[in-house]
Amino acid sequence: MIKIKAKKLSSWIEKSEGLLGAKKPSPIFFKTHFGIHTFFMKFPIDVVILDSKGRVVAMKESLYPNRLFIWNPYYSGVLELPQGAVKKLKITKNSIIQITP
């Protein structure tokens, strides 16, 4: 199990803003079924999609600004991390991730 400290976003406003106004990326977690975008972001991020038990079902390393990332809408847990975090933490498909505040 990989433990990651991340800010949990819950309101619609928090989710829609995400990391858009940030000067540097920090780990955030939220739920959505519609994919994400990096329009207007200033930096690339790593994105990890989790099932309801925290298992990694999809991921995208180095998602650059002005891109879309879409996955099976059955899964809703989205963990956005600074670029390179997936490699540094050795996250792979089927890894179990525990989000801590």
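As the structure is a computational prediction, the values presented were derived from the model and not from experiment.

Would you mind going over the packing of aromatic side chains with me for this structure?
The description of an aromatic ring pair uses the distance of the two centres, along with the angle that the planes make with each other. For the structure on display, the rule yields two aromatic pairs. Measuring from centroid to centroid gives 5.6 Å for F69 and W71, while their planes differ by 45°, and the two rings are tilted. Just as F69 is buried, W71 falls in that class too. A centroid spacing of 5.1 Å and a plane angle of 85° characterise the contact between Y74 and Y75, whose relative ring orientation is edge-to-face. Given the relative accessible area of 65%, Y74 is considered exposed. Using a relative accessible area of 21% as the deciding quantity, one classes Y75 as partly exposed.

Please clarify how the pattern of salt bridges should be interpreted in this entry.
Considering all chains together, one arrives at two salt bridges under this definition. For D51, the salt bridge is made with R55, and the minimal N-O distance between the two is 3.1 Å. With a relative accessible area of 16%, D51 lands in the buried category. Judged by its relative accessible area of 28%, R55 is partly exposed.

Criteria and cut-off values
Residues numbered from 1 in each chain as written. Predicted model: local features only at pLDDT ≥ 70, side-chain atom pairs only at ≥ 80, totals over all residues. Heavy atoms only, no water. Phe/Tyr/Trp six-rings, centres within 6.5 Å; stacked < 30°, edge-to-face > 60°. Buried < 20%, exposed > 50% of the residue type's maximum accessible area, 1.4 Å probe, protein only. Salt bridge = Lys/Arg side-chain N within 4 Å of Asp/Glu carboxyl O.

Without other data, these values stay purely geometric and don't point to any function.
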